[in-house]
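Letter by letter, the chains look like this.
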There are 2 protein chains.
Amino acid sequence: MINGLSASLAEVLDGRWAHIRQAVRDELGAEFVTVPGEAGDEARERVSRLIRELPTEVGVAAAFPAGYGGSDDPGGSTVAAEMLAQVDLSLMVKAGVQWGLFGGAVVALGTARHHDAYLRDIISADLMGCFAMTETGHGSDVQRLRTTCTFQDGHFVLNTPHEAARKDYIGNAARDGRMAVVFAQLITGGKSYGVHAWLVPIRDADGNPMPGVTIGDAGPKAGLLGVDNGRLSFDHVTVPRDMLLDRYGQVAPDGTYTSTIENDTRRFFTMLGTLVRGRVTVGAAASAATRNALTIAVRYGESRRQFTAPGADREITLNDYLAHQRKLLPAVARAYAYVFAQEELAVTMSEVFALTEPDEHRQRELESRAAGLKAMQTWNATATIQMCREACGGAGYLAENRLPGLKADTDVFTTFEGDNTVLLQLVAKGLLTGYRDAFGSLDGWGRATFVAEQVREMVLERTAARSLIQRLVSAVPGRDEEIAVTDRGWHLAVFEDREKHLLEGVIRRLRGGAATKKDRPFDIFNDVQDHVLATATAHIDRITLEAFVAGIERATDPAARELLSKVCDLYALTTIEAGKGWFMEHGRLTPARSKAVTAVVNDLLRELRPHMRTLVDAFAIPDEWLNAAILREEPARQEAMAKEDDAVGATLAG
Amino acid sequence: MINGLSASLAEVLDGRWAHIRQAVRDELGAEFVTVPGEAGDEARERVSRLIRELPTEVGVAAAFPAGYGGSDDPGGSTVAAEMLAQVDLSLMVKAGVQWGLFGGAVVALGTARHHDAYLRDIISADLMGCFAMTETGHGSDVQRLRTTCTFQDGHFVLNTPHEAARKDYIGNAARDGRMAVVFAQLITGGKSYGVHAWLVPIRDADGNPMPGVTIGDAGPKAGLLGVDNGRLSFDHVTVPRDMLLDRYGQVAPDGTYTSTIENDTRRFFTMLGTLVRGRVTVGAAASAATRNALTIAVRYGESRRQFTAPGADREITLNDYLAHQRKLLPAVARAYAYVFAQEELAVTMSEVFALTEPDEHRQRELESRAAGLKAMQTWNATATIQMCREACGGAGYLAENRLPGLKADTDVFTTFEGDNTVLLQLVAKGLLTGYRDAFGSLDGWGRATFVAEQVREMVLERTAARSLIQRLVSAVPGRDEEIAVTDRGWHLAVFEDREKHLLEGVIRRLRGGAATKKDRPFDIFNDVQDHVLATATAHIDRITLEAFVAGIERATDPAARELLSKVCDLYALTTIEAGKGWFMEHGRLTPARSKAVTAVVNDLLRELRPHMRTLVDAFAIPDEWLNAAILREEPARQEAMAKEDDAVGATLAG
C-alpha cells in the first residue's frame, strides 16, 4: 500500500524504535482492534482479556529490568504504548495503568524485595494492579493529598480520613485490580514525612474487596469504556511494614524514619520524577491517535465529492478545496512535528534514566518537556480529531467510522496525568532555574518575596542537532525584512526570540509583583498566569520546531527530504501565523510581512495538495487498525458510485 | 435560587418568548431529563415514549397553523426547541425531526389536502415521520440529489437509482417513522423539473417496511443515542399523484407540470427557503446546551479548590485563577451575545413568515443570518462545551456530570442541517446581491465570468436598534487612538469596518479571478475561499454585537444594565483580541492599542469575577435539568469536604 516516497518518509518517522513499531504492526491483528459502538461491559471484558493476550514482542513491558523479563528500555515502552493507542485506546490505557503506572511505581519506588516478589506476575498480567494517587479533593495537588498511612505496633495503618480523600478515577480498580500502589502521607512517631507509596492488596483471590477496603465504580465515562475506573477508600487497613515502597524513604521496625533525601519537598519531587514516563506516554498516545484521525479524514477527502464542479478541468474532491486543505494540511504538518519532538523526548528520557549519577538539571529539563509536550499534544489531539470528524461530515459522527471513538477516548488526556493548564505552569517554572527548593509546589509561587532573588539568568537550552540549529540561526541577518519567510534560520530565530521575550516578561512581572504585592501573595502569581502559559507554549513550540529541523536531517531519500522540508515550513509558518498578533504587537512582524506569511502558507497548501495521501500513508497505520467503514469502501466503491452518479446526473440534465 | 440581579438579567435574556420559556421550565420535570450513560436501545425507547408525552403547553408544535392546533408562531417553536435542548438533546432532535422537519415540510410544501389529512396526527405524534433529503453521495449538494420520482400511468414511481442516492442519517427512520417527506427529482413527460417533495408511507401499521422500501439503521453514533437515525432506499415505489407536496409545483392527471415559479433553480431555493426554521432551531439548541455546560463549569469552579493557597487572604477556588476566568468568562459573554442574536433571528423569521407578499430581499437576509448563526453557534458549542468539560477536570469526563453527553450530542450540529463551512459560504454569497438567479448553487460561483458584473454596491444592513447603533458609530472620531477601547461606538465601528473591508476584498478578488482564470472556473472561487469564510464570520460577529447592544436597552434594572454592558465589552473586546492579527495587518489597531485591548480584557475579568455565578444563574436553568452529580453535591458537600480537609491538613502540617 505504501509507495516509495511514503516508505522513505515512514522510515524517518519510525526512527530509533522502528523495530518496536514494526513488531506491533506485525503482531497485532484485527482481533486487538477497538470495536466501535461496543457497550461498556463488553468493552471491559474484551480489553481485560486482550491485555493478557498481548504478545511480549510488542514491547509494552519493555521498561522493566532485563532481569525480570523486561528490556531496560523505557523509551521503547512509550513507543509501544503509542502504537497500541492506534489499535485501541482502552487497551493502551489499561496497559499504561498495569505496566506503566502500577508496575512502573513498583520498579521506581520499590526495592529488590518488591521486585523479586511481584515484577514477574505484573509483567505477565497475572497480578493486575492500580495506581492510587488522585483524590477527589486533590486532583492536581498531590503533595497535599489526605490519605494517611501511620506506622504503629510494627505495621502501617492506611486510612481515608474523609470523603474528599477518596481515591478517584483509578484505572483497574472497578474490576480487575488485585493490588494497588497507594499514595498517602507517611506518619511515624507522631510526625508526617510527606507522601510515600505502599503496595496494598485490595481484592482477595475470589475478587472480593479486602477487609477495610471499599471499592466503587466511577460509572459511565465519555470514552475509554474498556477501562474499569473506580474509587478506593481505606478504613484503617493494616499494611505490613515491608509493603512500603521504600527506595526513597524507609521505616525501621522501631518506627524510625530514614531517607537519603532530607528535605520532604525535594524527596516528594524526586519520587514523582521517577514517574515521568506516564506523561511521556500520554502525549505519545494522543498524537498517535491523532494520526489515525488524520489518515481517515485525508483519505476520505481524497475521494469524496461535495459539489459537482461544472466546467472544472478535473474531478474535484474535498481535498481540492482551499478551506479543506487549510484544515487538514497544517494539522498533518503539526503531526509530523510532534513525531520528531516526541521521539527526542523519549530519547532524552532514556538517557536520563540511564545516568548512574543523578543530574538534577537534566531531570528537571526532562520533566518540563514531558509536561509541556503532554499538554500540547493532548490539546492538539482534541482539536484535530474534532476537526477530522467534521471534515468527514455526517459520516464522521457514526461510530463505524472510528472518529467518535478516537475523540471520546482521547478527550480525558487533557486532564489526566496532570491537568494541561497546571502542566504548562510546571513548564514555565522549569524554565526558571533554582525554583524547586525555594518554592515546593506550584502554589508556592505565591508565597514569594523571593522570586526576584531566585531568578537567575536564563539560558535557552538547545535540543537536538544543536550545531545545525545554531548555524541556521546565526545565518539570519537580524530582523531584516529582506529575508524570505521560508528561511529556516528565520523560523528558528523567531521561535527562539518569542520564547526569550516572553520569559523575560514573566521574570520582570514576577519581580514587580514581589515588590508591590507582598500582602497579596496569591495575586503575584495569578496576575501573570496568562504570560506564564504563553511562555510555556512558546517554549514547547520552539523545542518542537528544533526537533523537526533535526529530524529532516535523518532523511536519506532526497525526495523525502524535500517534502519534509516543505511540511516543516508549513508547521513553522502556520505557528507564526497563529501567533501573528503577538509578533506584530512586539515589532517582530510588520503588517506586510504578516500578510506575506499567509500568502506563503496558501502557496504551500497548493504545493502539498498532491502529497496529502502520501503524507498520511507515511504514518504507516495498517488499514485494519484504522477500522473505518468509509475507508473499507474506498476507493473502489466511491469510484463506482461516482461513475453511476455521473451517468444519472447526465440523464437528469438531458 | 435566583437572586435579584440574576432575575433581572434572566428577564432580559428570556425576552419576547418568556412565556414559552417559563412554560417549559414549569412543565418538564426530572422525568424528561436525559439519562447519562444510558445504552442506545434504552435511550431510543425512552425518547420515543417521551415525545408522545410532551404537553402541548411547551410549544414544540407552535409553528403549526392555528386551525390545526398550533399557534402560528414559528419563532416560538424555535424557542421551545431551544428549551428542550437543555432538557435532553435527543428529545429535542426527535421533536425537531417530527414537528420541525417532517411536519414543517408538510405545512410549507404541501397544500390544504395534505394539511387536512395529516397535520393533526403529526402534531399529536400519532403519525411519526421522517425528512428524507440527504443522500449518501450528495450530503451538501441537495439540488443535485439522485433519487427520482417519475410520473407515469397516473402515479409517481419513486426510485433510488444506485447506492450513492440512498437517503442517509434520516431521523425517525430506523424505528418510529411511518411516513417520510422524500425529496427527489420530479420527472414527467420525459423531462426533469428539479427537486420536489412527496409524502411517502415507509412502514405499515405493524411497523414493517412498505413494499419496495428498504430501511436500515445508521448504527451507533457519537451521541444523540435516543434518535433512531436510519437509511432509506426505494425500489420503484408507487406514490399516488396527490402525495406530491404541491404548493410550488403541480402535476396534472395527464402529467402536465405547472408552477408559479418558472425557473427551476429559483423554485428550488424558494422551496428550500421555507425550511429555514431547521437551521434557526439548531443554532438555538447549540447555544442552549452551551449554557448548560457553562452553568455546570462556573458553579463547579465557584466551589472547587485546586491548590491550597498559602498566605492567601481568602479561600481560593478555581474561578479565582486568571487562566480559569480567561476560559470561562469570555465564553459566558459570547453565550449572552448569542442569546440576543438568536432572538433577533427568531423575530426576523416570524416577520418574514408573516409577510403576505414575499420579499426576496428579506428572505435572503433571513436565510443568510440563519445559516451564519447556525454555523457560529454550533462551532462555539463544540469549543465551549469541550472547554467546560476540561474546566471540570476528571469529573468532567464522567457521564454523571452531564458534560460528556452535552458534548457528544451537540457535536453533530456542526455538520447537519448544512455543513458549517458550506453555510458560511452561503452567508458570503448572501452579502453579494443579485447572486441567486445568475449562479444557482454554490459551485456556480466558479462558472463566473460575470461575477464582476453582478456584484453591486454593498450596503451593510443594520439590525435591531438601527438608530441607536448609528448614533454610537457616528460619535466615534475616525480611527483616533485617543478613544477608549471600551467605547461602544468604537466596537461597533471596528466590527463594521472589518466586515466591509473583507467583503470588498472578496469582490475585488473575484473580479480579478474572473478576468484572469477564465479557463479554470473552479479556481476563481476556490482561491478566495479563505477570504469568503472570513467575511462571513465578520458579518455574523457584527450582527451579533449589534443584537447585544440593542438587547442591553431592554434592561430596566440599572444594575443589570451596567453588568450587561460590561459583559458586552468583554464579548466585543475578546472578539477584537482574537482577530488582532487581522486588525494590525490592516492598520486598524496599532501594536500599543492591541496590547491595551488585552489589558482591558484582563481588567474586565477581574471586575466580572464576583458576578460569575450571577451571570450563569441568569440562564435560569432548573437544577434538575442540569442533572450533574457535581452540582447536586454542591455547595453543602463541597464546603463540608473543604472544612474536614482543612482540619486534616492542619493536623498533617502540625
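Residues numbered from 1 in each chain as written. Chains lettered and ligands numbered in written order. Predicted model: local features only at pLDDT ≥ 70, side-chain atom pairs only at ≥ 80, totals over all residues. Heavy atoms only, no water.

With respect to the overall build of chain A
(1) Moving on: Helix and strand counts for chain A come out as 25 helices and eleven strands.
(2) Moving on: Per-residue burial over chain A gives 66% buried out of 654 residues.
(3) Moving on: Entry remark: accessible area of chain A is about 22,000 Å², with carbon and sulfur atoms responsible for 52%. (Helix = DSSP H or I, 4+ residues; strand = E, 2+ residues; numbered from the N terminus. Buried < 20%, exposed > 50% of the residue type's maximum accessible area, 1.4 Å probe, protein only. Areas by Shrake-Rupley, 256 points an atom, 1.4 Å probe, with all protein chains shown as cover.)

Here's the deal with the interface of chain A and chain B
(1) Moving on: Listed as interface residues are 97 residues of chain A and, on the opposing side, 97 residues of chain B.
(2) Moving on: Here chain A meets chain B over a buried area of about 8,100 Å², counting both sides, of which 55% is carbon and sulfur.
(3) Moving on: Sorting the residues of chain A by area buried against chain B places Tyr 397, Phe 522 and Glu 585 of chain A first, and these three jointly supply 10% of that buried surface.
(4) Moving on: Across the contact surface, chain A and chain B share ten salt bridges.
(5) Moving on: The closest approach of N and O atoms between Arg 389 of chain B and Asp 411 of chain A, which form a salt bridge, is 3.0 Å.
(6) Moving on: Joining chain A to chain B, the criterion identifies 44 residue pairs in polar contact (both at pLDDT 80 or more).
(7) Moving on: Counting residues per element, the side of chain A that touches chain B draws most heavily on helix 25 (residues 636–653) of chain A, which supplies seven residues.
(8) Moving on: Residue composition of the side of chain A that touches chain B, by class: 36 nonpolar, 29 polar and 32 charged. (Contact = heavy atoms within 4.5 Å. Buried area = accessible area lost by both parts, 1.4 Å probe. Salt bridge = Lys/Arg side-chain N within 4 Å of Asp/Glu carboxyl O. Polar contact = N/O pair within 3.5 Å; in protein donor to acceptor, adjacent residues only side chain to side chain. Nonpolar A, V, L, I, M, F, W, Y, C, P; charged D, E, K, R; others polar.)

Some thoughts on the relation of the copies chain A and chain B
(1) Moving on: It takes a turn of 180 degrees to lay chain A on chain B, together with a shift of 0.0 Å along the axis; the resulting RMSD is 0.0 Å. Viewed as a symmetry operation, the transformation between the two copies matches a two-fold axis. Considering only C-alpha atoms, the residue of chain A closest to the rotation axis is Gly 581 of chain A, which sits at 2.0 Å.
(2) Moving on: Comparing interface residues between copies, 100% of those in chain A also sit at the interface in chain B, which points to an isologous, same-surface contact. (Least-squares fit on C-alpha atoms with pLDDT ≥ 70 in both.)

Looking at unusual backbone geometry
(1) Moving on: Of note, Tyr 169 of chain A is a non-glycine position whose phi angle comes to about 60 degrees, a positive value.
(2) Moving on: Mapping Tyr 169 of chain A onto the fold places it in strand 4 (residues 167–170).

Considering the packing of aromatic side chains
(1) Moving on: In the structure shown here, the tally under the stated rule is 24 aromatic pairs over all chains.
(2) Moving on: A centroid spacing of 5.3 Å and a plane angle of 70 degrees characterise the contact between Phe 156 of chain B and Trp 198 of chain B, whose relative ring orientation is edge-to-face. In this pair, Phe 156 of chain B is assigned in strand 3 (residues 155–159) and Trp 198 of chain B in strand 6 (residues 191–201), connecting sequence segments 42 residues apart.
(3) Moving on: Judged by relative accessible area, Phe 156 of chain B falls into the buried class, the value being 0%.
(4) Moving on: Residues Tyr 336 of chain B and Phe 619 of chain B carry aromatic rings whose centres are separated by 5.4 Å and whose planes lie at 45 degrees to one another, so their mutual orientation is tilted. With Tyr 336 of chain B in helix 9 (residues 322–354) and Phe 619 of chain B in the loop between helix 22 (612–617) and helix 23 (623–626), this pair connects stretches of sequence that are 283 residues apart. In this pair, the class of Tyr 336 of chain B matches that of Phe 619 of chain B, namely buried.
(5) Moving on: Clustering of aromatic rings is evident, with ring pairs tying together Phe 340, Phe 495, Phe 548 and Tyr 571 of chain A. (Phe/Tyr/Trp six-rings, centres within 6.5 Å; stacked < 30°, edge-to-face > 60°.)

Let's talk about helix 5 (residues 89–109) of chain B
Residue and element names in this part refer to chain B.
(1) Moving on: The largest bend along helix 5 measures about 35 degrees and falls at Gly 96.
(2) Moving on: Across the 21 residues that make up helix 5, a large majority, 18, are buried.
(3) Moving on: Where helix 5 begins, the capping side chain belongs to Asp 88, and its oxygen is found 2.9 Å from the backbone nitrogen of Ser 90. (Bend = angle between axes of the 7 residues up to and from the residue.)

A look at the pattern of salt bridges
(1) Moving on: The tally for this structure, following the rule as stated, stands at 84 salt bridges over all chains.
(2) Moving on: Residues Arg 266 of chain A and Glu 360 of chain A are paired through a salt bridge, measuring 3.2 Å at the closest nitrogen-oxygen approach. With Arg 266 of chain A in helix 7 (residues 264–273) and Glu 360 of chain A in helix 10 (residues 360–391), this residue pair connects regions lying 94 residues apart in the sequence.
(3) Moving on: Since its relative accessible area comes to 36%, Glu 360 of chain A is described here as partly exposed.
(4) Moving on: Linking Glu 585 of chain A and Lys 580 of chain B is a salt bridge whose minimum nitrogen-to-oxygen distance equals 3.3 Å.

Remarks on helix 2 (residues 18–27) of chain B
An α-helix turns once every 3.6 residues. As a result, residues three or four positions apart point the same way.
(1) Moving on: Listed as buried for helix 2 of chain B are Ile 20, Arg 21, Ala 23, Val 24 and Arg 25 of chain B.
(2) Moving on: Buried residues along helix 2 of chain B sit against helix 1 (4–14), helix 4 (74–87), helix 8 (277–303), helix 9 and helix 23 of chain B.

Structural notes on the UniProt feature "domain: Acyl-CoA dehydrogenase/oxidase N-terminal" (unreviewed entry) in chain A
(1) Moving on: The UniProt feature table records "domain: Acyl-CoA dehydrogenase/oxidase N-terminal" (unreviewed entry) at residues 20–125 of chain A.
(2) Moving on: In residues 20–125 of chain A, the share of helix is 65% and the share of strand is 0%. The end C-alpha atoms are 20 Å apart. (UniProt positions renumbered as here; feature names shortened; annotations may be inferred.)

Looking at the sheet that holds strand 7 (residues 213–217) of chain A
Residues and elements named next belong to chain A.
(1) Moving on: Spatial ordering of the open sheet is given by 4-8-7, a layout of three strands whose pairing is antiparallel. Where the open sheet ends on each side, the last strands, each with one partner, are strand 4 and strand 7. The sheet shows a mean angle of 20 degrees between the axes of neighbouring strands, direction not considered.
(2) Moving on: In the sheet, strand 4 pairs with strand 8 (residues 230–234) via two bridges, with the strands oriented antiparallel. In the strand pairing of strand 8, Ile 170 is matched with Gly 230. (Pairing = 2+ DSSP bridges. Axes fitted to C-alpha atoms, helices over the stretch in contact; angles between N-to-C directions.)

A look at the side chain of Lys 374 of chain A
Residues and elements named next belong to chain A.
(1) Moving on: Among the structural elements, Lys 374 can be located in helix 10.
(2) Moving on: Buried charged residue Lys 374 carries no salt bridge. Nearest counter-charge: Asp 419, at 7.3 Å.
(3) Moving on: In this structure the side chain of Lys 374 is engaged in a polar contact, spanning 2.6 Å, whose partner is the backbone oxygen of Phe 413.
(4) Moving on: Here Gly 418 takes part through its backbone oxygen, which lies 2.7 Å from a polar atom of the side chain of Lys 374.
(5) Moving on: Discounting chain neighbours no more than four positions away, the residues touching Lys 374 are Arg 279, Val 282, Gly 283, Arg 369, Phe 413, Thr 414, Thr 415, Phe 416, Glu 417, Gly 418, Asn 420 and Leu 423. (Lys, Arg positive; Asp, Glu negative; His and termini not counted.)

Observations regarding the packing of helix 10 of chain A against helix 11 (residues 403–411) of chain A
All names here are of chain A.
(1) Moving on: Relative orientation of the contacting elements helix 10 and helix 11 amounts to 165 degrees, with a least axis distance of 9 Å. By the criterion of interaxial angle, the relationship of helix 10 to helix 11 is roughly antiparallel. For the pair helix 10 and helix 11, the crossing hand works out as left-handed. Contacts between helix 10 and helix 11 pair Thr 382, Ile 385, Gln 386, Cys 388 and Arg 389 from the former with Leu 403, Leu 406, Lys 407, Thr 410 and Asp 411 from the latter.
(2) Moving on: Of the residues assigned to the contact of helix 10 with helix 11, the class counts are four nonpolar, three polar and three charged. (Parallel < 35°, antiparallel > 145°, perpendicular 65-115°, else oblique. Left-handed = near helix turned anticlockwise from the far one by under 90°.)

Looking at the sheet that holds strand 7 (residues 213–217) of chain B
Residue and element names in this part refer to chain B.
(1) Moving on: Ordered in space as 4-8-7, the three strands form an open sheet in which the pairing is antiparallel. What marks the edges here is a single partner per strand, and that holds for strand 4 (167–170) and strand 7. Neighbouring strand axes in the sheet, compared pairwise and without regard to direction, differ in orientation by 20 degrees on average.

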